[in-house]
Amino acid sequence: MLRVSAQTTGTEIDLTGINGDADGAARGIPFGSELMRFGEAIALREPARLANARTALFEQAGSRVLVDAAGVAANFQRMVRIADSTGIPVDDTTSALGRDVRATLGLERFPGARNTPATG
Amino acid sequence: MAYFDYADAPFPIRNDIREAHRSFWQRLARAGSWWTGAQRVAIARESRNALTCDFCARRKEALSPYVFSGTHTHEGGLPDAAIDAVHRIVTDQTRITASWIAGNAAEGLSLEAYVELVGVVVAVFSIDEFSRALGLALELLPEPQSGEPSRYRPAVLADDIGYVPTVPANGAVGNEADLWPNGGRAPNVVRALTLVPQAMRDWRELAGAQYLSFADMANFVGHPDRSINRMQMELVAGRVSAINQCFY
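Calculation rules
- Residues numbered from 1 in each chain as written.
- Chains lettered and ligands numbered in written order.
- Predicted model: local features only at pLDDT ≥ 70, side-chain atom pairs only at ≥ 80, totals over all residues.
- Heavy atoms only, no water.
- Axes fitted to C-alpha atoms, helices over the stretch in contact; angles between N-to-C directions.
- Helix = DSSP H or I, 4+ residues; strand = E, 2+ residues; numbered from the N terminus.
- Parallel < 35°, antiparallel > 145°, perpendicular 65-115°, else oblique.
- Left-handed = near helix turned anticlockwise from the far one by under 90°.
- Contact = heavy atoms within 4.5 Å.
- Nonpolar A, V, L, I, M, F, W, Y, C, P; charged D, E, K, R; others polar.
- Buried area = accessible area lost by both parts, 1.4 Å probe.
- Salt bridge = Lys/Arg side-chain N within 4 Å of Asp/Glu carboxyl O.
- Phe/Tyr/Trp six-rings, centres within 6.5 Å; stacked < 30°, edge-to-face > 60°.
- Buried < 20%, exposed > 50% of the residue type's maximum accessible area, 1.4 Å probe, protein only.
- Core = buried A, V, L, I, M, F, W, Y, C linked by side-chain atoms within 4.5 Å.
- Domains from an automatic or database assignment.
- Expected span 1.5 Å × (residues − 1).
- Polar contact = N/O pair within 3.5 Å; in protein donor to acceptor, adjacent residues only side chain to side chain.

Novice: How should I be thinking about the packing of helix H3 (residues 54-61) of chain B against helix H4 (residues 80-91) of chain B in this particular structure?
Specialist: Each pair of packed helices gets described by two things: the angle between the helix axes and the distance between those axes. Residues and elements named next belong to chain B. Contact geometry for H3 and H4: axes closest at 11 Å, N-to-C directions at 60°. Comparing the axis directions of H3 and H4 gives the class oblique. Here H3 and H4 pass one another in a crossing that is right-handed. In this structure, H3 contributes Cys56, Arg59 and Lys60 to the contact, and H4 contributes Asp84, His87, Arg88 and Thr91. Here the residues of the contact of H3 with H4 are counted per class, giving one nonpolar, two polar and four charged.

Below is the structure:
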């Protein structure tokens, strides 16, 4: 979705932000580094890290951005559990875009890959 | 009691988020399709207990969760298999398998009850995560209401994806006509909980407030009611998903 959005808006981004690269997250995305760190801290469930990330995002981007980002992160804390608890496969394994994103991010290493045969 | 007034929140909370959280809390307290209101609230309580469950923490470190025995920290009100399912979904979801779900079904936790349980767990967990993300106290759980489960099961189901039956992509008809435009695209994650259609409706309502509505998901630029554009949203979503090792 990030790559589709970047293509739609003609923005040059670096997908490595998804894997935790702060410089990559900042490329082409306003407050990208702070947003990435905030989402990361929520998912890692480390209170001190979360408090620091929350403060950093608030100071850089303000309360509206902080609240909207919290909503998105909370939503995806749920989505991953729906996907893994029901074993759903990826919808379209044939698209070149999807294959490229999975390869770039190394997603095949995740256990849930077993639910999607022949993703290569 | 007025839940989710967010009066003490140091940041203004969008009204649509507040309303979505309140709306789910009301449904949480009522009998669902396969669980009573008291059981649904017990499921919600266990989704919180799982985060401090010592057995869950030790099992997550084990090479296989299926050869590791012990007892969860829990408050009862549910069959053992349901307590284990709740804790597993919250703390060790990547290692859930089809055979474990089928084994539970053989011992009384039906696929339908399991799917409703998943829906309750993930909704409560997501609402709690929103509060935790902003440094807010978790909302009190609602008082359960009396009533019996409807035991409603969709008439048209398929076994073509995942571990549980789902409404097929072209099956949004009859009582399920509101799920998505029939003939339209129904991604697997949208279908995932449709063995219990209300669980999917809950999913949709919460997603519409915390992330995007179905209609807005096709907008890859940005929504006027959001302060972050779609790229910013997807960066957060992607990082959260990566840490959770989500392949989907």
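Novice: Looking at this structure, I do not really get the interface of chain B and chain A. What am I missing?
Specialist: Many analyses report the size of an interface as the accessible area lost when the parts associate. In this complex, chain B contributes 68 residues to the contact, which on the side of chain A involves 71 residues. Surface buried jointly by chain B and chain A totals about 6,400 Å² across both partners, of which 69% is contributed by carbon and sulfur atoms. Here chain B and chain A share three salt bridges between them. Across the pair Glu40 of chain A and Arg239 of chain B runs a salt bridge whose closest N-O atoms are separated by 2.7 Å.

Novice: Would you take a moment to explain the side chain of Asp202 of chain B for this structure?
Specialist: When you line up the elements, Asp202 of chain B lands in helix H8 (residues 197-210). Residues in contact with Asp202 of chain B, not counting those within four places in the same chain, are Arg78 of chain A together with Phe24 and Arg27 of chain B.

Novice: I tried to follow the packing of aromatic side chains on my own but got confused; where do I start?
Specialist: Any pair of aromatic rings gets described here by the distance separating the centres and the angle formed by the planes. Residue and element names in this part refer to chain B. Under the defined criterion, the tally for this structure stands at eight aromatic pairs over all chains. With a centroid separation of 6.1 Å and an interplanar angle of 75°, the aromatic rings of Tyr6 and Phe130 are classed as edge-to-face. Of the two residues, Tyr6 sits in the segment before helix H1 (15-29) while Phe130 sits in helix H6 (residues 111-133), which places them 124 residues apart along the sequence. Each member of the pair, Tyr6 as well as Phe130, is classed as buried. With a centroid separation of 6.1 Å and an interplanar angle of 85°, the aromatic rings of Trp100 and Tyr114 are classed as edge-to-face. Within this pair, whereas Trp100 is found in helix H5 (residues 98-106), its partner Tyr114 is found in helix H6, the two being separated by 14 residues in sequence. An identical accessibility class is assigned to Trp100 and Tyr114; each is buried. Feature note: the residues Phe4, Tyr6, Phe24, Trp25 and Phe130 constitute an aromatic cluster, connected by ring pairs.

Novice: Sorry, what's going on with the nonpolar core here?
Specialist: Generally speaking, a soluble globular protein has its nonpolar side chains buried in company with each other. Phe38 of chain A together with Tyr114 of chain B are the most contacted members of the largest nonpolar core, which totals 108 residues. If you count residues domain by domain, this core takes at least three from each of domain 1 (12-151 + 206-210) and domain 2 (219-248) of chain B. Every residue in contact with Phe38 of chain A, bar those within four places of it in the chain, is listed here: Leu50, Ala53, Arg54, Leu57, Leu66, Ala69 and Ala70 of chain A together with Ala133 of chain B.

Novice: Would you explain helix H3 (residues 32-44) of chain A in this entry?
Specialist: Residue pairs spaced three or four apart in an α-helix point in one direction, given the helix's 3.6 residues per turn. For H3 of chain A, spanning 13 residues, the distance from its first C-alpha to its last is 18 Å, which sits close to the expected 18 Å at 1.5 Å a residue. Every buried residue belonging to H3 of chain A is among Gly32, Leu35, Met36, Phe38, Gly39, Glu40, Ala41, Ile42 and Ala43 of chain A, and all of these are buried. Packed against the buried residues of H3 of chain A are helix H2 (22-26), helix H4 (47-61) and helix H5 (63-86) of chain A together with H6 and helix H9 (230-243) of chain B. Arg45 of chain A sits one or two positions beyond H3 of chain A and adopts a positive phi of about 60°.

Novice: It is not clear to me how the environment of Pro79 of chain B should be interpreted in this structure. Could you clarify?
Specialist: All names here are of chain B. Secondary-structure assignment places Pro79 in the loop between H3 and H4. The exposure class of Pro79 is partly exposed, given its relative accessible area of 43%. With 83 residues separating them in the primary sequence, Pro79 and Gly162 have C-alpha atoms 24 Å apart.

Novice: Before we go on, may I ask you to explain unusual backbone geometry in this structure?
Specialist: One can expect most non-glycine residues to show negative phi and most peptide bonds to be in trans. Residue and element names in this part refer to chain B. If you check the backbone angles, Phe4 has positive phi at about 55° while not being a glycine. Topologically, Phe4 is positioned in the segment before H1. Residue Phe4 is classed as buried on the basis of its relative accessible area of 2%. Here Tyr6, not a glycine, exhibits a phi torsion of approximately 55°, which is positive. Here Tyr6 falls in the buried class, since its relative accessible area comes to 12%.

Novice: It is not clear to me how the domain arrangement of chain B should be interpreted in this structure. Could you clarify?
Specialist: All names here are of chain B. Splitting chain B by domain gives domain 1 (12-151 + 206-210) and domain 2 (219-248). Here domain 1 and domain 2 have C-alpha centroids that lie 24 Å from each other. Each partner contributes to the interface: domain 1 provides six residues, whereas domain 2 provides four residues. By the criterion of area lost to domain 2, the three top residues of domain 1 are Arg14, Gln93 and Thr94, representing 78% of everything that side buries. For the pair domain 1 and domain 2, the number of links is one salt bridge. In this structure, Asp16 and Arg226 form a salt bridge, with 3.8 Å as the shortest nitrogen-oxygen distance. Counting across the domain 1 and domain 2 interface gives two residue pairs in polar contact (both at pLDDT 80 or more).

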